[in-house]
Amino acid sequence: MLEPSARVIPFNKASFVGNEQAYMAEAIANRHISGDGPFTKKTQALLEGVMGARQVLLTTSCTHALEMSALLLDLEPGDEVIVPAFTFVSTVNAFALRRAVAVFVDVRADTLNIDERLIEAAITPKTKAIVVVHYAGVACEMDAIVDIAQRHGLDLIEDNAHGLFATYQGKQLGTFGALATQSFHETKNFTCGEGGALVVNEPRFMERAEILREKGTNRARFFRGAVDKYTWVDLGSSYVPSDLLAAFLLAQLEHRDSIQHTRKQIWTRYHEGLRDWAQAHGVQLPYIPADREQSYHMFYMLLPTLNERARFLAELQRNGVNAVFHYTPLHRSEAAARLGARGDCPVTESVSDRLVRLPFYNSLAFEDQTTVIEAVRSFAPAVRV
Ligand SMILES: *Cc1c(COP(=O)(O)O)cnc(C)c1O
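Bear in mind that the values here come from a model prediction, so they are computed numbers and not experimental data.

**Quick notes on the side chain of arginine 108**
Point 1. Looking at the element boundaries, arginine 108 is found in the loop between β3 (101–105) and α5 (119–122).
Point 2. One polar contact links arginine 108 to aspartate 110, side chain to side chain, over a distance of 2.8 Å.

**Digging into the site of the ligand**
Point 1. Residues in close proximity to the ligand total 15 residues, the closest being Thr63, Asp159, His162, Ser183 and Lys188.
Point 2. Take threonine 63: an N or O atom from its side chain is 2.5 Å from an oxygen atom of the ligand.
Point 3. Here an oxygen atom of the ligand and a side-chain polar atom of serine 183 are 2.8 Å apart.
Point 4. Alone, the ligand offers 380 Å² of accessible surface; in the complex the protein occludes 92% of this.

**Digging into the sheet that holds strand β10 (residues 292–293)**
Point 1. Taken in spatial order, the three strands of this open sheet run β7-β6-β10, and their pairing is antiparallel. Strands with a single pairing partner mark the edges of an open sheet, and in this sheet they are β7 (171–172) and β10.
Point 2. Strand direction decides the pairing type here: strand β6 (residues 167–168) and β7, joined by two bridges, are antiparallel. Pairing of tyrosine 168 across the sheet is with lysine 171, part of β7.

**Thoughts on helix α6 (residues 142–152)**
Point 1. Regarding α6, the residues found buried are Met142, Ile145, Ile148 and Ala149. Summarising the axial view, the buried residues of α6 lie within an arc of 130°, below the 170-degree limit, and thus occupy one face.
Point 2. Next to the buried residues of α6 lie α5, β4 (127–133), β5 (155–159) and β6.
Point 3. Remark: glycine 153 follows α6 within two positions and exhibits a positive phi of approximately 65°.

**Here's the deal with the pattern of salt bridges**
Pairs can form between side chains of opposite charge whenever their charged atoms are close.
Point 1. On inspection of all chains with the given rule, the structure shows 24 salt bridges.
Point 2. One salt bridge connects aspartate 79 with lysine 128, and the closest N-O pair in it is separated by 3.1 Å. Linking aspartate 79 in the loop between α3 (62–72) and β2 (80–84) with lysine 128 in strand β4, this pair joins segments that are 49 residues apart in sequence.
Point 3. Residue lysine 128 is classed as partly exposed on the basis of its relative accessible area, which comes to 34%.
Point 4. Between aspartate 155 and arginine 204 there is a salt bridge, with the nearest N and O atoms lying 2.6 Å from each other. With a gap of 49 residues between them, aspartate 155 in strand β5 and arginine 204 in the loop between β9 (196–200) and α7 (206–213) connect regions that are remote in the sequence.

**Section: the confidence of the model for the protein chain**
Point 1. With 98% of its residues at a pLDDT of at least 70, the protein chain reaches an overall mean of 96.
Point 2. Looking over the protein chain, one finds the lowest element-wise mean pLDDT in helix α8 (residues 219–223), namely 87, and the highest in β9, namely 99.

**Section: the packing of aromatic side chains**
Point 1. Scanning the entire structure with this criterion turns up 16 aromatic pairs.
Point 2. Measuring from centroid to centroid gives 5.4 Å for phenylalanine 165 and phenylalanine 190, while their planes differ by 80°, and the two rings are edge-to-face. Of this pair, phenylalanine 165 sits in the loop between β5 and β6 while phenylalanine 190 sits in the loop between β8 (179–183) and β9, and the two are 25 residues apart along the sequence.
Point 3. Residue phenylalanine 165 is classed as buried on the basis of its relative accessible area, which comes to 12%.
Point 4. Seen from their ring centres, tyrosine 168 and phenylalanine 176 are 5.7 Å apart, and the 80° between their planes marks the pair as edge-to-face. Considered together, tyrosine 168 and phenylalanine 176 belong to a single accessibility category, that of buried residues.

**Structural notes on the nonpolar core**
Point 1. Counting residues in hydrophobic clusters, the biggest one holds 34 residues, and the most contacted among them are Val81, Phe95, Phe104, Leu179 and Leu198.
Point 2. For this core, the secondary-structure elements that each account for two or more residues are α3, β2, α4 (90–96), β3, β4, β9 and α7.
Point 3. The element that contributes the greatest number of residues to this core is α3, accounting for seven residues.
Point 4. Both domain 1 (20–253) and domain 2 (256–377) contribute no fewer than three residues apiece to this core.
Point 5. For leucine 198, the contacting residues outside a window of four places in its chain are Gln55, Val56, Leu57, Thr59, Ala65, Met68, Ser69, Leu72, Leu179, Ala180, Thr181 and Ala209.
Point 6. Grouped together as the second largest cluster of nonpolar side chains are 28 residues, Leu285, Phe299, Met301 and Phe312 included.

**Some words on the pairing of β5**
Point 1. Among the five residues of β5, five are classified as buried, and the element is accordingly described as predominantly covered.
Point 2. Across the two faces of β5 the burial is the same, with Asp155, Ile157 and Asp159 and Leu156 and Glu158 all buried.
Point 3. One crossover worth recording links β4 to the parallel β5 by way of α6, and it is right-handed.
Point 4. The sheet contact formed by β5 and β8 spans three bridges and is parallel. Bridge pairing in β8 places isoleucine 157 opposite leucine 179.

Rules behind the numbers
- Residues numbered from 1 in each chain as written.
- Predicted model: local features only at pLDDT ≥ 70, side-chain atom pairs only at ≥ 80, totals over all residues.
- Heavy atoms only, no water.
- Helix = DSSP H or I, 4+ residues; strand = E, 2+ residues; numbered from the N terminus.
- Polar contact = N/O pair within 3.5 Å; in protein donor to acceptor, adjacent residues only side chain to side chain.
- Near = heavy atom within 4 Å.
- Areas by Shrake-Rupley, 256 points an atom, 1.4 Å probe, with all protein chains shown as cover.
- Pairing = 2+ DSSP bridges.
- Buried < 20%, exposed > 50% of the residue type's maximum accessible area, 1.4 Å probe, protein only.
- Arc of directions from axis to C-beta.
- Contact = heavy atoms within 4.5 Å.
- Salt bridge = Lys/Arg side-chain N within 4 Å of Asp/Glu carboxyl O.
- pLDDT = per-residue confidence, 0-100.
- Phe/Tyr/Trp six-rings, centres within 6.5 Å; stacked < 30°, edge-to-face > 60°.
- Core = buried A, V, L, I, M, F, W, Y, C linked by side-chain atoms within 4.5 Å.
- Domains from an automatic or database assignment.
- Right-handed = clockwise from strand over helix to strand, strands pointing away.

Here it is, written out as structure tokens:
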């Protein structure tokens with residue numbers, strides 16, 4: 001056994017702020033452990049206040065919030081939804097479940113976000129919506145994208161799983177689209193294990209969002225005293241998380257400033273520690289345009305080739321560092337072929353082959369980050385782009 005690899009620095013580790021258990025104990029003491037209890041209300045109010053969003057509804061996951069978005073759009077089979085090819089499956093699957101056709105648009109080579117210059121060419125009379133993902137919590141080109149959506153009468157949805165509390169020209173991500181979705185999965189900046197939220201920015205979706213989330217019933221109106229009994233009024237499913245999870249999440253969100261501060265320090269140390277090495281070896285580091293503040297969700301880099309990435313990952317593993325790649329191109333997937341999705345996305349294919357994410361979590365120890373930076377710097381790619 002090699003001594004350095006005795007302990008592997010993981011890619012991700014669940015991090016806790018300390019109050020999670022006390023808040024969950026309080027939820028138990030309240031005897032309200034189903035959904036929409038006091039902790040859910042506090043958490044939603046916190047998010048609405050900080051984001052400046054009209055309505056935030058906690059959900060069981062970001063995937064489910066995306067499914068709710070697809071239901072709210074009233075998609076018909078054959079309707080088209082524009083999506084980036086470089087994203088997590090749920091961004092697309094939620095709309096495919098409504099039998100909508102995914103039209104994939106390639107990403108920009110600098111931010112890895114949907115390329116706004118390619119969106120209009122993908123619009124047809126069947127297009128209903130544009131879905132964007134703020135990759136790594138760095139905003140898409142929102143001025144251009146909001147303008148395209150408005151000119152073509154399309155709904156804009158933000159899959160903001162990476163970008164909570166990031167901004168574009170001072171405005172919070174998740175408040176640009178008619179709808180936006182958040183994730184509180186263990187791998188995200190703020191977590192309750194599994195969880196999410198739907199952000200509703202367009203008033204026309206507010207009441208129906210509550211109904212879909214409550215199994216298609218008008219239960220929320222009933223509890224407000226607006227109707228005297230609650231019944232089945234629409235489609236829906238069980239998208240309400242337990243107040244126990246909301247309690248856990250509230251503890252984390254109340255510590256948002258210290259969590260984001262820690263993550264900014266980790267990100268900045270990677271960036272400063274690797275900049276000259278990256279430049280010398282033709283490795284691309286993240287690009288953050290000056291008009292946006294990122295969420296410090298991850299630290300990624302692009303190696304020159306697929307082969308060099310494989311050598312790099314193996315080398316890091318030998319040095320006790322678990323670095324990982326990310327999304328595989330969705331337009332090339334088995335499901336996309338079967339469901340008749342379309343789109344040609346060469347940048348996505350190239351990025352997907354070359355991207356590496358370094359260990360990044362709130363409790364990453366200073367010495368462990370030193371180990372990662374040294375392991376990265378000891379690698380010399382054999383080729384340059
Ligand atoms: C994590 C993630 C999701 C899914 O989140 P869940 O809460 O696990 O459903 C969706 N989209 C993106 C871009 C993600 O990173």
